[in-house]
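Now for the letters of each chain:
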Amino acid sequence: MGKTVVLVYSGGLDTTVCIPLLREEYGFEHVVTVTVDVGQPREDLADAAERAKILGTEHYTVDARAEFARDYCMPAVKANADYEGYPLSTALARPLIARKAVEVARSLPRVDAFAHGCTGKGNDQFRIEFMLRTLMPDVPIIAPMRERNMTRSEEIEYARARGVPIHQSSEKIWSIDENLWGRSIEGGRLEDPSHAPPEEIFKWTRSPQEAHFAPQVIELTFEEGVPVAIDGQPMAPLALIEYLNQLAGDHGVGRIDMMEDRMIGLKVRENYECPAAVTLLTAHRALEALVCTRDELRFKAEADRAWAELVYAGLWLDPFKESLEAFINKVQERVSGKVWLRLFKGSASVIGRESRWALYDAALASFDDKTFDQSEMSGAVKAHGLPARLYYQLKQRYGA
Ligand code: ARG
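Because the structure is predicted, anything quoted here is derived from the model rather than measured.

Right, let's get into helix α8 (residues 237-250). Three or four residues apart is the spacing at which side chains of an α-helix point the same way, because the helix has 3.6 residues per turn. Given a rise of 1.5 Å per residue, 14 residues ought to cover 20 Å, and the 20 Å separating the end C-alpha atoms of α8 matches this to within 8%. Along α8, the positions that sit buried rather than exposed are Leu 240, Ile 241, Leu 244, Asn 245, Leu 247, Ala 248, Gly 249 and Asp 250. Against the buried residues of α8 lie α3 (65-78), β8 (216-223), β9 (226-230), α9 (275-291) and β13 (337-344). Positive phi shows up at Gly 252, right after α8, with a value of about 80°.

Moving on, we come to the packing of helix α1 (residues 13-24) against helix α7 (residues 152-161). It is at 10 Å that the axes of α1 and α7 come closest, and there the two elements cross at 60°. Between α1 and α7, the angle falls in the class oblique. α1 and α7 meet at a crossing whose hand is left-handed. For the pair α1 and α7, contact is made by Leu 13, Asp 14, Val 17, Pro 20, Leu 21 and Glu 24 and by Arg 152, Glu 155, Ile 156, Tyr 158 and Ala 159, respectively. A breakdown of the residues in the contact of α1 with α7 according to their chemical character gives seven nonpolar, no polar and four charged.

For the rest of this paragraph, the subject is the site of the ligand. In the region of the ligand, 14 residues are neighbours, and Tyr 86, Asn 123, Arg 127, Glu 260 and Glu 270 sit closest. Take Arg 127: an N or O atom from its side chain is 2.9 Å from an oxygen atom of the ligand. Take Glu 260: an N or O atom from its side chain is 2.7 Å from a nitrogen atom of the ligand. For the ligand, whose unbound accessible area comes to 340 Å², protein coverage reaches 87%. Of all elements in the fold, only α4 (89-107), α5 (124-135), β6 (175-179), β7 (182-186) and β12 (267-273) reach the threshold of two or more residues within the shell around the ligand. For the shell around the ligand, the class distribution of residues is four nonpolar, four polar and six charged.

Turning our eyes to something else, we now look at the sheet that holds β8. Pairing within the open sheet is antiparallel, and its five strands lie in the order β10-β9-β8-β13-β14. Among the strands making up the open sheet, the edge pair consists of β10 (233-234) and β14 (347-354). The pairing of β9 with β10 spans two bridges and is antiparallel. Bridging from a neighbouring strand, Ala 229 pairs with Pro 234 of β10. Running over the sheet, α9 touches β8, β9, β13 and β14 and is turned about 135° from β13.

This next bit is on the nonpolar core. Membership of the largest hydrophobic core comes to 81 residues, with the highest contact counts inside it found for Phe 68, Leu 88, Trp 181 and Trp 307. Per-element accounting of this core gives the leading share, ten residues, to α4. For Trp 181, the contacting residues outside a window of four places in its chain are Phe 68, Cys 73, Ala 76, Val 77, Pro 87, Leu 88, Ser 89, Leu 92, Ile 241, Cys 274, Ala 277 and Leu 280. The next biggest cluster of nonpolar side chains, apart from the first, holds 25 residues, and it includes Val 5, Ile 19, Ala 48 and Met 150.

A separate point is the pairing of strand β2 (residues 30-37). Among the eight residues that make up β2, seven are buried, leaving the element largely enclosed by the rest of the structure. Across five bridges, the pairing between strand β1 (residues 4-8) and β2 is parallel. In the strand pairing of β2, Val 6 is matched with Val 32. Here six bridges tie β2 to strand β3 (residues 58-63), and the two strands are oriented parallel to one another. Opposite Val 34, over in β3, you have Tyr 60 as the bridge partner. Crossover β2 to β3 through helix α2 (residues 42-54) is right-handed.

About the cut-offs
Residues numbered from 1 in each chain as written. Predicted model: local features only at pLDDT ≥ 70, side-chain atom pairs only at ≥ 80, totals over all residues. Heavy atoms only, no water. Helix = DSSP H or I, 4+ residues; strand = E, 2+ residues; numbered from the N terminus. Expected span 1.5 Å × (residues − 1). Buried < 20%, exposed > 50% of the residue type's maximum accessible area, 1.4 Å probe, protein only. Contact = heavy atoms within 4.5 Å. Axes fitted to C-alpha atoms, helices over the stretch in contact; angles between N-to-C directions. Parallel < 35°, antiparallel > 145°, perpendicular 65-115°, else oblique. Left-handed = near helix turned anticlockwise from the far one by under 90°. Nonpolar A, V, L, I, M, F, W, Y, C, P; charged D, E, K, R; others polar. Near = heavy atom within 4 Å. Polar contact = N/O pair within 3.5 Å; in protein donor to acceptor, adjacent residues only side chain to side chain. Areas by Shrake-Rupley, 256 points an atom, 1.4 Å probe, with all protein chains shown as cover. Pairing = 2+ DSSP bridges. Core = buried A, V, L, I, M, F, W, Y, C linked by side-chain atoms within 4.5 Å. Right-handed = clockwise from strand over helix to strand, strands pointing away.

Now the structure itself:
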């Protein structure tokens, strides 16, 4: 049996071009392609399998949707996943994709290398290689696109010259990555940050103009930081995310147009559609605001930011991430209750929240109640700002 390479394969341009490259330039006789289903369009999966067949690889499609929803998207909700305004959709899926490729590799009689289609400019090379290298340290990793420094047009040329079936043409230039947690659109005229995103790039969200004319109120139920029901209807993570992507997307919720600082320091313009993610993160934050103390909220914002940076960098198995999650999960024990959101013309607005753990007492906060004896405050108010008052006096005296 000849040398075998396991290619982490999406069926897109980069990974498709990798197949003949791995044979012709790297001398692998046996190319195994692994496509991991994390919620990308069904046609893409079918296309990937079809191309793999035409190109004669040993192909595997691994359905990891339920696992992705439960073990990746739900922790993201708990940590309010947010990197510079990006809900981390692509970043969350990479470790799982690599993990599944490793599972396939372990089932094969022989593996001489892993290969992936990442270029040298992006974040995915770090994420995928970290996971492959951690789980199978002895298997070398090849990145043909990066090693050969190929541009998109060169790839298209190379594919055409070999009759490799691809969709991309010079007109269809968007680079798209999709999973349950979001859809990313890059490339073409979007590379100019001053160019408004054309309507054609969006597939999951309606524009505010096209969105429903009537607002819709939804009730989200959380248990220990995780959404478990919509409008009283219990739902497993996968079904809940799929349902919300549809519903919130129809209301135009989840469009993000941003500048993003990539790991290597490159600034890029990014467009995302993340209807379920944006809706769930908005609701989750609202519930934390009801049940957590001010100090917890501040500290958690720091922990969440650190968590997001680790996930952005693909360091899914970092000990710091585990430690942060110990804190995050402890806080989540009280993040149970309901949040009401109004979806309307591109926005998901919180209009109510309720929890048995609410650190809120209507009587105490009310203007019309005598439970709290206001006269007892006189002393506390007198002591308020003592150092600042001393400082002011000193400044008067010495004129600093
Ligand atoms: N910038 C985002 C990230 O690094 C999305 C990348 C999308 N990847 C892609 N191959 N189109 O997570």
